[in-house]
Amino acid sequence: MLCPLVQTYPNSHYLINQTPFTDNYIQKHFMKKHYQLNYYKVECFPQNREMGANSLLKCFRILFLVLVGTKVDGGVTRHYTFDIKLENVTRLCHTKSIVTVNGQFPGPPIVAREGDTLLIKVVNHVQNNISIHWHGIRQLQSGWADGPAYVTQCPIQTGQSYVYNFTITGQRGTLFWHAHISWLRSSLYGPIIILPKPNVPYPFAKPYKEIPIIFGEWFNTDTETIISQALQTGGGPNVSDAYTINGLPGLLYNCSTKDTFKLKVKPRKTYLLRLINAALNDELFFSIANHTLTIVDADAVYVKPFETNILLITPGQTTNVLLKTKPHSPDATFLMAARPYATGLGTFDNSTTAGILHYESTSKSAKNLPIFKPSLPPLNDTAFATNFSKKLFSLASAQYPANVPNKIDKRFFFTVGLGTSPCDQQNQTCQGPNGTKLSASINNVSFILPNTALLQSHFFGQSNGIYDTDYPYSPTHWFNYTGNPPNNTMVGNGTKVMVLNFNTSVELVMQDTSILGAESHPLHLHGFNFFIVGQGFGNFDPNKDPKSFNLVDPVERNTVGVPSGGWVAIRFLADNPGVWLMHCHLEVHTSWGLKMAWLVLDGKLPNQKLPPPPSDLPKC
């Protein structure tokens, strides 16, 4: 029986089967002094046995070191091995074989410091093609390690391996990794925890403990079959059977009481919760009953702290919050719950995942304590979603400035939304509107992935017939984007990229459309962070709306929700050569073509050029 990964952070306390141990104790007993050890994978005898410090060495033995550190140029080179293999997992009384990393669901965390280099060897032992994306990592001059299949690499085939090699530059906070091919990220995902450089404090009070909390979705049936059938029939795919917190649906679902995430806390302590939305298709409201959260970080960028009882987190986004516990242990337990924020006309998983917050010292048994539940907004509460996003501002301090591009070189206007396509075969009736197939597009271009990687085609000058460079700067046909939809809902398609010279400053307005209904779209940009300088409802007005842009302290992110029936404006500097995907992080919309790619050309200086690909880069 493999127990959960034991992870250590400097000068902190840790839980092994819910028993706390200090970092010094673990280092003393489980580490040779010449190693910097960050992870252990341990074997537990018997399962779920309660252990004290005296019995720890008898009950655990180290199977292998997952991570050792070697100092290089002030940082540390950290080595991981990700074995992609099948594992039988049971949730909601359904057992199925899922694709995992090292047999774990969710997968193992990556822990590093700002400035560290990561060498992550991914070995594919399953029949599916695999690629891994390190979501939110800038990948400065390391575009070969970004991971989206057929964009920066061909997928890793069965029996093959690839070493992702990249350095974390100028980032600290919480990100995550996930599969980036088909719907495999339903089970292939895990946290990326980036600590500050040594001796650099957080810009807030040091927390007592840090806990990753990652939201996901559980499907009783195979997700590859779900999306394959949906793309064949042209209709919407089946929705998930449950949401999860750290892989567990929680006590509000049938046959799931034992599969509930439980967080034990002490009074008068401050905990840093590292929240990650790894769900496939749903934005989520989250709250902890009778507790206030302080937002301090969004997408691995510090923000001006503010308090809230409820937060919204879209797929692809991360949020660090401080949880300050009560002065005394109450005789009660508290649910931490998440449920969807849903817009649009499609079906969705209308359920709630819940974990339990429990104080360690109470006068009664946990089973006999009353449970308090949080009050979450209505499922379609766009007003709350808007107001919450407007509270996020960059820290914009001397140490952590907000370097918003002021002089803009290129301005783009992209419409994003759903549409339709003809059935693949003549005389076939699909399940979309009026017998068509559901599609999605940006500026009416539904993106088609090529059969070889875009980045390789560009680097070796072999792009002819692979992609075109005539991506439209704005919609080819104007209409009232948020009014009555046009009669023609058909989208175009193609493999087109938007070409930018190195160091181009970009302003991009993304406009939701009412075709097949207005809907929120969480757009993720690979290779860059961007500043959200403005947002609003209705159609963007280029003469009026820019006057209210925030160019002083806008929040900096890598994923933004385009408001349902509205628009959002972002700015970024194209200082990273390579090919970078931008796509909706609702996996169903990505599958329908709501994605595009930016091609950033090399600069003139050596440190502005993309280096040659590694020798083990997968081949198509």
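Residues numbered from 1 in each chain as written. Predicted model: local features only at pLDDT ≥ 70, side-chain atom pairs only at ≥ 80, totals over all residues. Heavy atoms only, no water.

(A) View of the overall build of the chain. Broken down by element type, the chain carries six helices and 39 strands. Out of the 620 residues belonging to the chain, those deemed buried represent 60%. Expressed as a percentage of contacts within the chain between residues at least 6 apart in sequence, the contacts between residues at least 24 apart total 78%. Put simply, the chain shows about 25,300 Å² of open surface, and 49% of that area lies on carbon and sulfur atoms. (Helix = DSSP H or I, 4+ residues; strand = E, 2+ residues; numbered from the N terminus. Buried < 20%, exposed > 50% of the residue type's maximum accessible area, 1.4 Å probe, protein only. Contact = heavy atoms within 4.5 Å. Areas by Shrake-Rupley, 256 points an atom, 1.4 Å probe, with all protein chains shown as cover.)

(B) Local environment of the state of the cysteines. All chains considered together, the criterion is met by three disulfides. With its sulfur 1.8 Å from that of its partner, Cys154 forms a disulfide with Cys620. Looking down the S-S bond of the Cys154 and Cys620 bridge, the torsion is -95 degrees, so its handedness is left-handed. In this pair, Cys154 is assigned in the loop between strand E11 (132-135) and strand E12 (161-167) and Cys620 in the segment after strand E39 (595-600), connecting sequence segments 466 residues apart. Note on cysteine connectivity: Cys423 is disulfide-linked to Cys430, with sulfurs 2.1 Å apart. For Cys430, a relative accessible area of 6% corresponds to the buried category. Here the cysteine-cysteine linkages of the chain are recorded as 1-3, 2-6, 4-5, numbering only bonded cysteines and doing so in sequence order. (Disulfide = S-S within 2.5 Å.)

(C) Structural detail: the sheet that holds E39. Spatial strand order, E31-E39-E38-E33-E36: five strands in an open sheet with mixed pairing. Pairing within the sheet leaves two strands with one partner each, and these edge strands are strand E31 (497-500) and strand E36 (559-562). Adjacent strand axes in the sheet meet at a mean angle of 20 degrees, parallel and antiparallel pairs treated alike. Relative to E39, strand E38 (residues 578-584) is paired through six bridges, and the arrangement is antiparallel. Pairing of Gly578 across the sheet is with Val600, part of E39. (Pairing = 2+ DSSP bridges. Axes fitted to C-alpha atoms, helices over the stretch in contact; angles between N-to-C directions.)

(D) Molecular detail of the confidence of the model for the chain. With 87% of its residues at a pLDDT of at least 70, the chain reaches an overall mean of 89. Within the model, the stretch residues 1-70 combines pLDDT values under 50 with 147 contacts to residues more than four positions away or in other chains. (pLDDT = per-residue confidence, 0-100.)

(E) Broad picture of helix H4 (residues 382-389). For H4, the complete set of buried residues consists of Thr382, Ala385, Thr386 and Phe388. Looking straight down H4, one finds its buried side chains confined to an arc of 165 degrees; they lie on one side. On its buried face, H4 sits against strand E20 (293-298), strand E21 (301-308), strand E22 (310-313), strand E24 (333-341) and strand E34 (530-537). (Arc of directions from axis to C-beta.)

(F) The arrangement of unusual backbone geometry in detail. Cis geometry marks the peptide bond from Phe105 to Pro106; its omega dihedral reads -10 degrees. By the element assignment, Pro106 lies in the loop between strand E8 (94-101) and strand E9 (110-113). With a phi angle near 50 degrees, Asn443 is a residue other than glycine that sits in the positive phi range. Within the element layout of this structure, Asn443 appears in the loop between strand E28 (437-442) and strand E29 (445-447). Backbone geometry at Asn444 places phi at a positive 65 degrees, although glycine is not the residue there. Mapped onto the fold, Asn444 is located in the loop between E28 and E29. What makes Asn444 partly exposed here is its relative accessible area of 32%.

(G) Main features of the pairing of E34. Among the eight residues that make up E34, six are buried, leaving the element largely enclosed by the rest of the structure. Where E34 meets strand E37 (residues 566-574), six bridges bridge the pair, whose relative direction is antiparallel. Within E37, the residue paired with Ile532 across the bridge is Ile570.

(H) Expanded view of the pattern of salt bridges. This structure, assessed with the given rule, holds 12 salt bridges. For Glu114, the salt bridge is made with Arg172, and the minimal N-O distance between the two is 3.1 Å. Here Glu114 is found in the loop between E9 and strand E10 (117-124), whereas its partner Arg172 is found in the loop between E12 and strand E13 (173-179), with 58 residues between them in sequence. Neither residue differs from the other here; Glu114 and Arg172 are each classed as buried. Salt bridges sharing partners connect three or more residues here, namely Arg411, Glu507 and Arg571. (Salt bridge = Lys/Arg side-chain N within 4 Å of Asp/Glu carboxyl O.)

(I) Geometry of helix H3 (residues 223-233). Residues of H3 that are buried: Thr223, Glu224, Ile226, Ile227 and Ala230. With its buried residues spanning 160 degrees around the axis, H3 presents them on a single face. Each element contacted by the buried residues of H3 is listed here: helix H6 (587-591). Of the residues one or two after H3, Gly234 is the one with positive phi, at around 85 degrees.

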